[in-house]
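So you can see what is in the structure, the chains are spelled out below.
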Amino acid sequence: MRRKDAANIVPTNTPIEDVSQLTLRAEDEEDPTTAELRIPKVGPGFVFVYSFAYFGYFLCLFMPALFSLPYKIQLVDPASKETVLGLVVGISAIVLLPAGPVLGVLSDRSKFAWGRRRPFLILGFSVFAISAFLIAIAPNVPLILVGYVIAQLAASLVGVAMNPTLAEHVPPAQRGKLGALSGVMASIAGVSATLVGSLLLSNVVLLFLAPVAVFALGVLLWVLVIPDSPAPERFQSVKVGSSLRSLLFNPLKHPDFSLVWVGKLCIGVGTAFFSTYQLYFLLDRLGFTAEQAGQQLAVAGGLALLATIGFTILGGFLSDKLRRRKPFIYIAAGMIAAGMAIAAIAPDFGIYIIGGVLISAGSGAFNSVDLALASDVLPDPAAGGKWMSIYQVSGTLATAIGPVIAPLLLAIGGGSGNYTALFIAGGVFALGAAVTAARVRGVR
């Protein structure tokens, strides 16, 4: 296509609502979809570093979320642990809700000579280390909250550095496979978090800093192997204010992206009910000690891991092979809802494992197409930092909504332990993802 002057393409009275798309049409010689198809395939080295770095990242996320944070709160305030956990997780997520998209915009237009994503990755890792140490030594709930807010900032910084990688450096034909690998790493990190956590209860500082040490190696490999460069001129020339205003996009103009966003929110809220409170479920309903609960969760996690890896890898391979994403969302929502229903009525650990395995398998099916589906419906693939950060807001919002609603559900009927109501509500939320997926038009 012959390059044209911007004035001949976009009328001067066009509102600057989506400035990235406006400048793309003005300065790029080809449609972004065509450019996507020309991305070369990635090799084994790229795949290994991508997978290992995501494992470290998820370990930093999941060790607190699944084990170390609930354990720390139980040590500080055992009488109100359910409510305090919900407040700490919910408040930190709400406070940092705008951080991801804003940081994504700043990352998209970063002019650093050694890359627009790497500085955010290194800064995020450093902030993770600070937050982990602060939570570990915190003597009270307010300081734990401050530490976890800092941890959410770290997650946002790392997310804007790593999440655009599929759209920017991986061709569409490989996105399902690599997206599935990141899902596998999430599952392995979840099992590792509970197993390692149960072994480190005697040293709370090490309990929180161990994941950061693993992620340090992943960050080093990522910086050395994953390509990066300064932002293209079309991003550098856009003012920060205009870029930030572009975050307030009109969902009606990008319906597929909006529906996928809502679907991720539904899955996130549903699974948050289970993952955030599973330690307390084993302590309160099944009568385990913290050490026993961590070990039992690791056993359950080992079985769940097999299901998750199987569904994640199979789903990622088949979604690329069949060029279909939506059926895997339907399968995921159904299995998660079924698993939630079984866990809701579980009278013993054996039945609980069956429900947990189903939930993990459903999560694997969802993870197999999550990032690939989002990458396929991005309004502007070249602005991956902005759009993937907006997409990840749905996950952050889910971690805010879930723990805030959970104490209300747990209190149904009096007391604070109605896990039946909590898990059934989680299954209903998960089914919402199937409804939104059915309405997506641009992806099969």
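Residues numbered from 1 in each chain as written. Predicted model: local features only at pLDDT ≥ 70, side-chain atom pairs only at ≥ 80, totals over all residues. Heavy atoms only, no water.

Enquirer: Break down the overall build of the chain for me, with residues and values.
Expert: For the chain, the helix and strand inventory stands at 19 helices and 0 strands. Out of the 444 residues in the chain, the part that is buried amounts to 57%. Just so you have it, the chain exposes about 17,500 Å², and 68% of that area is on carbon and sulfur atoms. (Helix = DSSP H or I, 4+ residues; strand = E, 2+ residues; numbered from the N terminus. Buried < 20%, exposed > 50% of the residue type's maximum accessible area, 1.4 Å probe, protein only. Areas by Shrake-Rupley, 256 points an atom, 1.4 Å probe, with all protein chains shown as cover.)

Enquirer: Lay out helix α9 (residues 172-199) in plain terms, naming residues and giving numbers.
Expert: Compared with an ideal rise of 1.5 Å per residue, which puts 28 residues at 40 Å, α9 spans 41 Å between its outermost C-alpha atoms and is within 8% of the ideal. With 20 of 28 residues buried, α9 is to be regarded as a mostly interior element. (Expected span 1.5 Å × (residues − 1).)

Enquirer: Go over helix α13 (residues 255-284), please, and point to the residues and values.
Expert: Under the 1.5 Å per step criterion, the end-to-end length of α13 is 43 Å for 30 residues, consistent within 8% with the ideal 44 Å. Y277 marks the point of greatest bend in α13, at about 55 degrees. (Bend = angle between axes of the 7 residues up to and from the residue.)

Enquirer: Mind laying out the pattern of salt bridges, listing which residues take part and the relevant values?
Expert: Here the structure, examined in full by the defined rule, presents 6 salt bridges. K81 is the salt-bridge partner of E82, the closest N and O atoms lying 3.4 Å from each other. Between K81 and D284 there is a salt bridge, and its shortest N-O distance comes to 3.5 Å. Taken together, the residues K81 in helix α4 (residues 81-95) and D284 in helix α13 connect sequence positions 203 residues apart. A relative accessible area of 9% means that K81 is categorised as buried. Taking relative accessible area as the criterion, D284 reaches 37% and is therefore assigned partly exposed. (Salt bridge = Lys/Arg side-chain N within 4 Å of Asp/Glu carboxyl O.)

Enquirer: Report on a nonpolar patch on the surface, specifying residues and quantitative values.
Expert: Taken together, the side chains of L217, L220, L224 and V225 define a hydrophobic patch exposed on the protein surface, amounting to about 380 Å² of accessible area. Mapped onto the secondary structure, L217 falls in helix α10 (residues 204-225). Among the residues examined, L217 registers a relative accessible area of 44% and is labelled partly exposed. (Patch = residues over 30% accessible without salt bridge, like charges linked within 9 Å, V, L, I, M, F, W, Y side chains within 5 Å.)

Enquirer: Explain the packing of helix α15 (residues 326-344) against helix α19 (residues 419-438) residue by residue, including any values.
Expert: Contact pair α15 / α19: the axes reach a minimum separation of 8 Å and the direction vectors enclose 170 degrees. One finds that α15 runs roughly antiparallel with respect to α19. Of the residues in α19, those touching α15 at K326, I329, Y330, A333, G334, I336, A337, M340, A343 and A344 are Y419, T420, F423, I424, G426, G427, A430, L431, A433, A434, A437 and A438. Residues that form the contact of α15 with α19 fall into these classes: 17 nonpolar, 4 polar and 1 charged. (Axes fitted to C-alpha atoms, helices over the stretch in contact; angles between N-to-C directions. Parallel < 35°, antiparallel > 145°, perpendicular 65-115°, else oblique. Contact = heavy atoms within 4.5 Å. Nonpolar A, V, L, I, M, F, W, Y, C, P; charged D, E, K, R; others polar.)

Enquirer: Tell me about the packing of aromatic side chains, and name the residues and values.
Expert: All told, the structure shown has 26 aromatic pairs when counted by the stated rule. Look at F281 and Y419: their rings are 5.4 Å apart centre to centre, the planes differ by 85 degrees, and that puts the pair in the edge-to-face class. Linking F281 in helix α13 with Y419 in helix α19, this pair joins segments that are 138 residues apart in sequence. For the pair F281 and Y419, a shared accessibility class is recorded, and that class is buried. Ring pairing ties together the aromatic residues F46, Y50, Y54, Y57, F58, F62, F125, F128, F215 and W222, which thus form one cluster. The ring of Y280 carries the charged tip of K81 above its face, separated from the ring centre by 5.3 Å. (Phe/Tyr/Trp six-rings, centres within 6.5 Å; stacked < 30°, edge-to-face > 60°. Lys NZ or Arg CZ within 6 Å of the ring centre and 35° of its normal.)

Enquirer: Lay out the packing of α13 against helix α16 (residues 349-367) in plain terms, naming residues and giving numbers.
Expert: How two helices sit against one another is set out by the angle between their axes and by the gap between those axes. Contact geometry of α13 with α16 gives a least axis separation of 12 Å together with a crossing angle of 150 degrees. Relative to α16, the element α13 lies roughly antiparallel. Note on packing geometry: the crossing formed by α13 with α16 is left-handed. On α16, the residues touching K264, I267, T271, F274, Q278, F281 and L282 of α13 are F349, Y352, G356, I359, S363 and F366. (Left-handed = near helix turned anticlockwise from the far one by under 90°.)

Enquirer: An account of the side chain of Q174 is requested, with residue identities and associated values reported.
Expert: By secondary structure assignment, the location of Q174 is in helix α9. There is a polar contact of 2.9 Å between the side chain of Q174 and the backbone nitrogen of V42. Each residue touching Q174, except ones within four places of it in the same chain, is listed here: K41, V42 and D320. (Polar contact = N/O pair within 3.5 Å; in protein donor to acceptor, adjacent residues only side chain to side chain.)

Enquirer: Quick one: what's the story with the environment of D108, residue by residue and with numbers?
Expert: Tracing the backbone shows D108 in helix α5 (residues 99-108). Note on D108: relative accessible area 3%, which makes it buried. For the pair D108 and P232, spaced 124 residues apart in sequence, the C-alpha to C-alpha distance is 8.6 Å.

Enquirer: An account of the environment of V141 is needed here, citing residue identities and associated values.
Expert: Following the sequence through the fold, V141 ends up in helix α7 (residues 141-162). For V141, a relative accessible area of 22% corresponds to the partly exposed category. Each C-alpha atom of the pair V141 and K72 lies 9.4 Å from the other, and the pair is 69 residues apart in sequence. Sequence-distant contacts of V141, defined by excluding residues within four places in its chain, comprise V76, D77, V84 and V88.

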